[in-house]
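# Residue-level structure breakdown
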Amino acid sequence: MAELERKIIPIGPFHPLQEEAEYFKLKVEGEKVVGLDIQLGYMHRGHEKICEGKTYDQIPFVVERICGICSTSHPFACVQAIEDAAGIEIPPRAAYVRTIVGELERIHSHLLWAGLAGHFLGYNTVWMWAWKYRESVLEISELITGNRNHYAMFKPGGVRRDIEGGMIPPLLATLDELDKKLTMLTKAVLDDPMLHKRLEGVGVLTREKAIEYSVEGPTGRASGLKIDVRKDDPHAAYDWVEWEEIVCQEGDVFAKTKVRLLECLESTKIIRQCLRKLKDLPEGEIDARMEHGPDGEGVGRYEAPRGEVFHYVKGDGSMYPVRYKIRAPSSMNIKSNEVAVLGGSVADAAIILAAVDPCYCCTERIAAFNTKGKFLYNWNDLLKLSQEKTARMGGGS
Amino acid sequence: MLKGLKKAALARSLWIYHVAASPCNNCDIEILDLLTPRFDVERFGLLLAPSPRHADLLLVTGMVNKKVLDRVLRVYAQIPKPCVVAAVGSCAISGDLFVDSYNFAGPLDKHIPVDVYIGGCPPKPEAMILGVVRAIEKLKKLKDL
Amino acid sequence: MNMSVGWVFFYLLVFPGFLFTSVVGLLYTWVDRKVTARMQFRVGPPLLQPFYDFFKLLGKDTFVPEGAPRSIFLGAPLIGLASVSVLSTVLLVSNFFPGQAFAGDLIVVLYLFAFVPIVLILGASSSSNPISALGASREMSLYLAYELPLLFALATIIVKSGGLLKIGDLLQWQWTNHPFLYSASGALAFVSAFLCMQAKLGFVPFDIAEAEQEIMGGITLEYSGPVLAVLKLTKAMLYFTVSIFLTVFFWGGFRSPREGWYHILGWLKPVAIIVLIILIKNTNPRLRIDQALRFFWSIVLVLSIAGFILATVGL
Ligand code: SF4
């Protein structure tokens, strides 16, 4: 047979595979993928810079709009960073409420992913099914926070709304209902022989590669890495409740699906415990006052549905930060696609690229343009620049 | 007569193409939500089109940044006319809180003609349905189709 | 052959050819969308939705991509439409009017069936878009894979009937004896032909060539406006034709003179077939191209050959 021609299949920037604009160049020989080129930058909005022009009270709203799917994770990490810098302790009530909202978001995010994964496989029934159940999660969120997404619940020092005692019993009942639905969906998806066939052994990310690429969250846990900020560096109410970390060894797309679906069930467990404890807690403060802006540095970490979110803040005592830095989990996870898609077919590439649950709008903190909107530097160039600068600075001091 | 038929058919069968021009995703997710059981806009003949060449209704979300602007214009050029453009979410309408961003290329209606504005951050799916209804009304009023 | 030319045109263009088939075909797509929606806990589109879609597309612009030869790019879908019209006429006439000696045998049917994927491949590869080209190459390999089992399935019924080829004769044989489906070999042939038809229609799990999420509609990607409408109509007509094909060749047709009024129930046969198709479509993920090819080259081929062998020994 003649040697197959090398072609480039573009995925994106606008592609039904992703609801976000992203550009992957798949290098293929026939149907086989031999290389992947990732181009970022379509979603860059300059959050870090915007944050520097806002007061600490406003920043949670700004970072909330980094990503609509994990719209609690960023504020969560953000307020922790600010509290860390200012040295504030939050009242226990606020800790529970935060945990509840965070976990609700995890369920809705994982269901969203499961549905989209089904959609990418042409299995629209799964999509509709998962999203139907996701609606009931959003309903609970709306009940607690007043919003379907973008909850605007968090502020430095606490939360903005309380979950009152009267709300808890109906919430618990809804949660039981949700639990049943989730169990059913999980069973149906994990026992589907066709899905096994389609997903098992596809896009394997071995443990070694997972460590090499420092993947996080469910992507890492599906490759046998036991990493979860909620366990490793407990915050809010995470070490006051009991739950398990789901870890799989296979590293393929099926394992990722499994980890996510089972995590949903763990999340309902956490929420239930939190609600019960909240009920026993006396009514009281839900926020601690922040008298002045922090003077110094602080970091916040939170286990977003996709992995660890990291926020860093540096203040000078005024109400505005002097530096704000964000690192989202997808920036680690997306890179791992480079190895996961190799050798697979184009058909698999679609689901593999989706399997890390990429969130580009979280990721894109770096882009450089000249005035005509043309790319000046890409990721690697910038990395090099920064290394050079570090070296220069190291030499200077 | 023919024109009437064309118009009636167009109003009942708007295919959506959705462009994410650096949004926060939430608007996009809510658009997809429209297709799912609770809202099910297929009842009104709305479908998600795989390619801009098949689309009649362009939904643009997000603050249009400098890099994506070019792409948005290209997609708009690829859509067979007549078509309707909707700006979904505060970002696309005005820039939301990203007006201060160095990467903001200006609100959407500066670049392409926008027919309906659907406000909210994110707009609720109900609001989007209302927006689509408004778009259809607007279509029906168009004289030369 | 004592039909006037006028009748032939009537058959081809109005009933049961082009017009009839397209209306029923579009209604079939409605059934498809409605049942799909119900299975997905949704309400689904109104009855006339496919017609709205069709007329809307007629009223829109058409783009011809740069570098694509106009004649092939625009002509291919029309040839597809024409061949499906002839195909449905051939299949339906011999069942509606069994007395008519309308020319039509299995070989013609096979040829016409082959036409549809071939023109699609032609049109898509002329568009010079790498994604369309990928869709075309997938369609090609899939086509090659399901054609052989289909041939064996049809050979089975030829052997079974003792060498009949004409559609009318095959129907007659089924009416005097029994539908092929009700014998072991016929059932095997039916199952394999059914799976081949699912692939021919490009439905999940074999919608690999049009995979919306992988290659953006693949072969239909570059089409727009009226030409897209023609493609969609071809698809809809093919949908209807496939169910008629399976009914006529394996299930004794939808109308048998022996059964009198009872033949109204015969119309449920094609409906039952599409419901089955829709069920399969909605409870499966899309296969990968290599999985689909393996499926056809091994399981389906073995099934159809087994049917053929059974037929030769008279089962
Ligand atoms: S309007 Fe709000 S929800 Fe929509 S993209 Fe902008 S920030 Fe996100």
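The present account deals with the structure reproduced in this document.

Rules behind the numbers
Residues numbered from 1 in each chain as written. Chains lettered and ligands numbered in written order. Predicted model: local features only at pLDDT ≥ 70, side-chain atom pairs only at ≥ 80, totals over all residues. Heavy atoms only, no water. Helix = DSSP H or I, 4+ residues; strand = E, 2+ residues; numbered from the N terminus. Rg over C-alpha atoms; globule rule 2.2 N^0.38 Å. Buried < 20%, exposed > 50% of the residue type's maximum accessible area, 1.4 Å probe, protein only. Contact = heavy atoms within 4.5 Å. Lys, Arg positive; Asp, Glu negative; His and termini not counted. Charge placed at Lys NZ, Arg CZ, Asp CG, Glu CD. Salt bridge = Lys/Arg side-chain N within 4 Å of Asp/Glu carboxyl O. Buried area = accessible area lost by both parts, 1.4 Å probe. Patch = residues over 30% accessible without salt bridge, like charges linked within 9 Å, V, L, I, M, F, W, Y side chains within 5 Å. Areas by Shrake-Rupley, 256 points an atom, 1.4 Å probe, with all protein chains shown as cover. Phe/Tyr/Trp six-rings, centres within 6.5 Å; stacked < 30°, edge-to-face > 60°. Lys NZ or Arg CZ within 6 Å of the ring centre and 35° of its normal. Pairing = 2+ DSSP bridges. Axes fitted to C-alpha atoms, helices over the stretch in contact; angles between N-to-C directions. Expected span 1.5 Å × (residues − 1). Bend = angle between axes of the 7 residues up to and from the residue. Polar contact = N/O pair within 3.5 Å; in protein donor to acceptor, adjacent residues only side chain to side chain. Nonpolar A, V, L, I, M, F, W, Y, C, P; charged D, E, K, R; others polar. Near = heavy atom within 4 Å.

With that settled, the discussion passes to the overall build of chain B. When helices and strands are tallied, chain B shows five helices and five strands. What you see for chain B is a C-alpha radius of gyration of 15 Å, in line with the 15 Å of a compact globule of 145 residues. Among the 145 residues that make up chain B, the fraction classed as buried is 63%. Here the contacts in chain B between residues at least 6 apart in sequence split such that 82% fall between residues at least 24 apart. A gap of 8 Å separates the mean positions of the 19 positive and 14 negative side-chain charges of chain B.

If you walk through the whole model with that rule in mind, you get 36 salt bridges over all chains. The salt bridge involving Arg134 of chain A is made with Asp33 of chain B; its shortest N-O contact spans 3.5 Å. Placement of the pair is Arg134 of chain A in helix H5 (residues 124-145) and Asp33 of chain B in helix H2 (residues 26-33), with the two residues belonging to separate chains. Residue Arg272 of chain A is joined to Asp176 of chain A by a salt bridge in which the shortest nitrogen-to-oxygen separation is 3.3 Å. In this pair, Arg272 of chain A sits in helix H11 (residues 253-280) while Asp176 of chain A sits in helix H6 (residues 168-190), placing the two residues 96 residues apart along the sequence. What makes Arg272 of chain A buried here is its relative accessible area of 13%. The class for Asp176 of chain A is partly exposed, based on a relative accessible area of 41%.

Turning next to the interface of chain A and chain B. Listed by partner, the interface residues are 45 residues for chain A and 39 residues for chain B. Of the roughly 3500 Å² buried where chain A meets chain B, counting both sides, 62% is carbon and sulfur surface. In this structure, the connection of chain A to chain B is made through six salt bridges. The shortest N-O distance in the salt bridge between Arg148 of chain A and Asp33 of chain B comes to 2.6 Å.

A few words on unusual backbone geometry. A cis geometry characterises the amide bond from Cys121 of chain B onward to Pro122 of chain B, with omega recorded as -10°. One non-glycine residue, Ala152 of chain A, lies in positive phi territory at about 55°. Turning to its location among the elements, Ala152 of chain A is positioned in the loop between H5 and strand S4 (154-155). Classification of Ala152 of chain A as partly exposed rests on a relative accessible area of 24%. Even without being a glycine, Ser214 of chain A presents a positive backbone phi close to 45°. Counting through the fold element by element, Ser214 of chain A comes out in the loop between helix H8 (207-212) and helix H9 (217-222).

With that out of the way, let us pick up a nonpolar patch on the surface. All names here are of chain C. Together, Val5, Trp7, Phe9, Phe10, Leu13, Val14, Leu19, Val23, Leu27, Leu47 and Leu48 line one region of the surface with nonpolar side chains, adding up to about 980 Å² of accessible area. Counting only elements with at least two residues in the nonpolar patch, the list comes to helix H1 (5-13) and helix H2 (18-39). Broken down by element, the nonpolar patch gets its largest block of residues, five residues, from H1. Along the polypeptide, Phe9 turns up in helix H1.

Residues and elements named next belong to chain A. Following the criterion strictly, the structure yields 20 aromatic pairs over all chains and no others. Taken together, Phe76, Phe154, Tyr238, Trp243 and Tyr302 form an aromatic cluster joined through their ring pairs. Lying over the aromatic face of Phe154, Arg98 brings its terminal NZ or CZ to 5.5 Å of the ring centre. It is Lys231 that lies over the ring of Trp243; its NZ or CZ is 4.1 Å from the centre.

Let's shift gears to the sheet that holds strand S8 (residues 321-327) of chain A. Residue and element names in this part refer to chain A. Read across the open sheet, the three strands follow the order S6-S7-S8; overall the sheet is antiparallel. The strands lining the two open edges of the sheet, one partner per strand, are strand S6 (295-304) and S8. Between one strand and the next, the sheet's axes are offset by a mean angle of 10°, whatever the strand orientation. Of the strand pairs in this sheet, strand S7 (residues 307-316) and S8 are connected by six bridges, and their pairing is antiparallel. Across the sheet, the residue bridging to Phe310 is Arg327, located in S8. Sheet strands in contact with helix H3 (residues 73-86) are S6, S7 and S8, and its direction is about 150° off that of S6.

Another aspect to go through is helix H4 (residues 70-96) of chain C. All names here are of chain C. In this model H4 runs 39 Å from its N-terminal to its C-terminal C-alpha over 27 residues, within 8% of the 39 Å that 1.5 Å per residue would give. The axis of H4 is deflected most strongly, by about 30°, at Ala76, and proline Pro77 appears within four residues downstream. Burial within H4 is extensive, with 19 of its 27 residues counted as buried.

This brings us to the interface of chain C and chain B. Opposite the 28 residues of chain C that make contact, chain B presents 30 residues. When the two sides are added together, the surface that chain C and chain B hide from each other amounts to roughly 2400 Å², 58% of it contributed by carbon and sulfur. The largest per-residue losses of area from chain C upon contact with chain B belong to Arg42, Lys56 and Lys60 of chain C, which jointly make up 26% of the total buried on that side. Viewed at the interface, chain B and chain C are joined by four salt bridges. Asp40 of chain B is the partner of Arg42 of chain C in a salt bridge, and the nearest nitrogen-oxygen pair spans 3.1 Å. At the boundary of chain C with chain B, the tally comes to ten residue pairs in polar contact (both at pLDDT 80 or more). Secondary structure elements with two or more residues in the side of chain C that touches chain B: helix H3 (49-58) and helix H10 (225-250) of chain C. The leading source of residues in the side of chain C that touches chain B is H3 of chain C, at six residues. Grouping the constituent residues of the side of chain C that touches chain B by class yields twelve nonpolar, seven polar and nine charged.

For the ligand, the set of nearby residues contains 13 residues, the closest of which are Cys24, Cys27, Ser90, Cys91 and Cys121 of chain B. Around the ligand the close residues trace back to chains A and B. When residues of the shell around the ligand are traced back to their parent elements, those giving at least two are H2 and helix H4 (89-94) of chain B. The biggest single contributor to the shell around the ligand is H4 of chain B, with three residues. When grouped by side-chain class, the residues that make up the shell around the ligand number six nonpolar, five polar and two charged.

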